[in-house]
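The residues making up each chain are set out below.
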Amino acid sequence: MKDREALRIDAAPIDPLNSAEGFGGFLPMIIIAAAGGAVLFGLLASGSGEPLLLTVIALLAMFGTFMLFAFAAGHLRFGARVVPGDLLKAAMDAGDEPQIIAEADGTILYANAAVETVLGPHEAGPFSALEASLSGDAAGTQAFFRLTRAAERGETRREDVRLRLGAGRKSSWARIMVRPFSSPEGVSDFGSRRQRLVSWHITDVTSEKSREAQHIDRLEASLAAFDAMPAGFMWVSADGAIVYVNAAFEHWLGYPSGGLRARSLGLAELAGGEGLRLLKHMAAVQDADQRIIDLDLTRQDGRIVALTLLVEPIGEQAEQGFTITAINRQTTGLVDRGQQDVRASQFFQSAPFGIAALDAEGRIANCNTAFMRMVLDGKPAQDVLAAEALGRTAESEERVLIDAGLGEALAGRGNIQPIEITAGENKQFTRRIYMSPLAAVQGGAAAALYVMDATEQKALEGRVAQAQKMEAVGNLAGGIAHDFNNVLTAIIGFSDLLLQTHRPSDPAYRDIKNIQSAAYRAAALVKGLLGFSRKQTQQVSVFNVGDLASDMMPVLKTQVGEKIDLKLQAERDLWYVRADSDQLYQVILNLVRNARDAMPNGGKLRVNTRNVSERESQKMRDVVGFAPGEYVLVEVADTGTGMVPEVMAKIFEPFFTTKGVGKGTGLGLASVYGIVKQSGGFIQPESEVGKGTTFKVFLPRHFVEESEDVATSLSPALISTKKQLNAADLTGTGRVLLVEDEVEVRQFAVRALKRQGYQVIEAADGLEALDLMAENEGKIDIVVSDVVMPEMDGPALFKELRKRNPSIKVIFVSGYPNEAFRESMGSDDFAFLPKPFSLPQLAAKVKEELAK
């Protein structure tokens, strides 16, 4: 704070508009009168102004009469002018409470007389005097610091501090209030701009604090009487904090006298969170009989103590807190109960499942805390009809079963089938109810209810059913896709042959291109089905996901357009992954396209890649299907429309789409899901309506061995995007053995290879191929074989061929993944061409392998 000599409030300047008030108004009047007299004498001297003179005299007479009446009525007065500033200063100086007006930086503009009277004189100014009165009190010094910070920030603040005043350092309590305000325009030192000022107001609250201390002393004296009681007493605030507990209660809980209060524990640490919620609900119940409960509390040593609790609201409002009066059922003689009854009560209350006893009318006579929590969300259930309690959030069909089951149980009939009901405010829980009749005893319970939590079991059953459905659809899709690939290979292949015999100007050329284009679209659908079924052909390699995402940015920017702000953030030193880079390219591309479609009016799209440590992944250990470990995370986040939970539950199902007719196949996210799963990864979607969607793809970290190659080139899909396949020279020479059981595919492949200059020997299956190899021993340069064939499949043929000729070159063609038979054969010394393929692709692959 900066002190300077306190300034007094100056008198207000003369206001010309009010110059008629006070002595300052006489001078203008004299001047006006003198001017009028000069004009009057001039007219008299001229001799021609007699009519005008009479008019002036009449007007003056009227003015004089008006002035006399105004003075008599009090509307006109003569005297010294009263300045508002002087009035304000006089009022503040006459006050007994110190007041200071200062700038925000602490420069004092005014201090009234009470400042020096109360705080005493100080050569450095009032603030220094105030600070000196707080010396020696750490709490007071901290309070003064908070007040000065509030003054600098323009905030209102109040602090109660203890002042030590005078030579004897007499102690007193003061309440210091800091309140900001703005100076009038034109009064500040900065011209017309309004200046921010601060008002400091100091009020003596010593008597108020004294009354508070006396009230606390009386309260403590009253509470001390509870320590001698044989019953426990506890005062709990609305937030569950223990405000007071007597010595008997502390002793039962294993704490020394005052030990529990010193630790500032909450009731939840003694009764658990569910116990605290139950007691809060009980405090709000009007009927006192329903505010009594047997409850076990946890002692300091971890053991439990069985207590009977009476809950009472404070001031008849549970929002203000409640009190607990407790009786120890094990040590006191106030309750006549045998040891066996005590143990039964403990078992009843501590059971992890809900138990309730019903009277003959179907009302709940007694129940444990688990029943209240699981059925009534922690509210008391005594004397409530069981049908109402169980059917509170149940569906209509469930209520019918509840009524029928209760009727059977109360009638004494057994073998009642369990009933599942929905519970919870949002119907998010599933409870399984077991009903059992009890032997008729006069005045005893007529039936018993047992409640089990089946939420996790139902969720698991749903997940298993969904997984089985997805697996069944995947198997079906994979089987259909294999047959489709053979058909599409023939269509695409023969289209290529026809295009080579037609010029672009021919009328049939366009029809052939349309047929081929439709076949390629069908091939894309088949590829999506295979991706979903996790049976897509994989060309696995070790690569850096960050490099792949960076190389994709030009393609992705073209896809999203100019309205969307696309940015990539790749973490340095990213771990390697082992997957199919072409498939991962499709995953990222599909997710980015979906994000684009979710932002028709533009937005922000982020593609992030980073490492996820095993420790970080432990946070997701409760996510179904996720195994903690080390992962590389690919995250695609948009600010689009988001998805509702109903849509989120179906996004990975094949043929499910929210897009319009003709705008989506419904296989995009399905294939993404399948590719990620086939790669050993995990995909997690997160979405909020109106805020956007984030897809997180977790790929397992791959540890590169010394002998293992790391791919540094782009994915095949990215290469084909940047540069189309060069078909300038696909001709070659050599003898090819073509093994294919599908006649159309075999015919196309034979014609395609022969047109490129190869000699082709064809076989319909593996056995025929072995016979032809024997007939042409040493004359076959390369074998092109299907994988799935009758009698002898491709892998079996491969092993026999290698026995006879270890150096023979082999190309497998198939729509199924090659990983399985690569592992089964224990070798990868062969090439692979996925179906469907075109004429140039087949010719290029054969030429490539022969050139090795």
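Model, not experiment: these values are computed from the prediction.

What counts, and where the lines are drawn
- Residues numbered from 1 in each chain as written.
- Predicted model: local features only at pLDDT ≥ 70, side-chain atom pairs only at ≥ 80, totals over all residues.
- Heavy atoms only, no water.
- Pairing = 2+ DSSP bridges.
- Helix = DSSP H or I, 4+ residues; strand = E, 2+ residues; numbered from the N terminus.
- Axes fitted to C-alpha atoms, helices over the stretch in contact; angles between N-to-C directions.
- Contact = heavy atoms within 4.5 Å.
- Core = buried A, V, L, I, M, F, W, Y, C linked by side-chain atoms within 4.5 Å.
- Buried < 20%, exposed > 50% of the residue type's maximum accessible area, 1.4 Å probe, protein only.
- Left-handed = near helix turned anticlockwise from the far one by under 90°.
- Nonpolar A, V, L, I, M, F, W, Y, C, P; charged D, E, K, R; others polar.
- Phe/Tyr/Trp six-rings, centres within 6.5 Å; stacked < 30°, edge-to-face > 60°.
- Patch = residues over 30% accessible without salt bridge, like charges linked within 9 Å, V, L, I, M, F, W, Y side chains within 5 Å.
- Areas by Shrake-Rupley, 256 points an atom, 1.4 Å probe, with all protein chains shown as cover.
- Salt bridge = Lys/Arg side-chain N within 4 Å of Asp/Glu carboxyl O.

## Comments concerning the sheet that holds strand β26 (residues 809-814)
- Strand order in this open sheet of five strands is β24-β23-β25-β26-β27, and the pairing throughout is parallel. Among the strands making up the open sheet, the edge pair consists of β24 (759-763) and β27 (831-834). For this sheet, the mean angle separating the axes of adjacent strands, direction not counted, is 20 degrees.
- With four bridges joining them, β26 and β27 adopt parallel strand pairing. Looking at β27, one finds that I811 is bridged to A831.
- Running over the sheet, helix α23 (residues 743-755) touches β23 (735-739) and β24 and is turned about 165 degrees from β24.
- Helix-sheet contacts for helix α27 (residues 839-851) involve β23, β25 (782-786), β26 and β27, and the interaxial angle to β27 is about 175 degrees.

## Comments concerning the nonpolar core
- Counting 53 residues, the largest nonpolar core has F249 and L279 as the members making the most contacts within it.
- Of the residues forming this core, the biggest block, seven residues, is contributed by helix α10 (residues 268-283).
- Ignoring sequence-local partners within four residues, the contact set of L279 consists of L267, I293, L295, L309, V311, F322 and I324.
- Among the nonpolar cores identified, the runner-up in size contains 40 residues, and F543, L566, L574 and L584 belong to it.

## Details of the packing of helix α18 (residues 581-597) against helix α21 (residues 668-678)
- Close contact between α18 and α21 brings their axes to 10 Å; oriented N to C, the two are set at 145 degrees. Relative to α21, α18 is oriented so that their crossing is left-handed. Taken together, the residues of α21 that come into contact with α18 (itself represented by Q583, V587, N590, L591 and N594) are G668, L669, S671, V672, I675, V676 and Q678.
- Here the residues of the contact of α18 with α21 sort into six nonpolar, six polar and no charged.

## A word on the pairing of strand β19 (residues 603-612)
- When strand β17 (residues 564-570) meets β19, the two strands line up parallel, connected through seven bridges. The residue bridging K567 from the neighbouring strand is R606, located in β19.
- The pairing of β19 with strand β20 (residues 631-638) spans eight bridges and is antiparallel. Directly across from V612, in β20, lies its bridge partner Y631.

## Considering the packing of aromatic side chains
- The full count for this structure, using the stated rule, is 15 aromatic pairs.
- For the pair F249 and W252, a centre-to-centre distance of 6.1 Å together with 55 degrees between the ring planes defines the contact as tilted. In this pair, F249 and W252 both sit in helix α8 (residues 247-252), three residues apart, roughly one turn of the helix.
- Of the residues examined, W252 reaches a relative accessible area of 9% and is grouped as buried.
- Through a chain of ring-to-ring contacts, three or more aromatic side chains come together here, namely F626, Y631, F682 and F698.

## Let's talk about a nonpolar patch on the surface
- Together, Y434, Y450 and M452 give the surface a local cluster of nonpolar side chains, amounting to about 250 Å² of exposed area.
- Mapping M452 onto the fold places it in strand β15 (residues 447-453).

## Some details on the pattern of salt bridges
- Applying the stated criterion across every chain, the model contains 24 salt bridges.
- A salt bridge links R746 to E762, with the nearest nitrogen and oxygen atoms 3.1 Å apart. You can see R746 sitting in helix α23 and its partner E762 sitting in strand β24, a full 16 residues away along the chain.
- Given a relative accessible area of 37%, E762 falls into the partly exposed group.
- A salt bridge links E800 to K803, with the shortest nitrogen-to-oxygen separation between them at 3.6 Å. In this pair, E800 and K803 both sit in helix α25 (residues 794-804), three residues apart, roughly one turn of the helix.
- With relative accessibility at 26%, the residue E800 sits in the partly exposed group.

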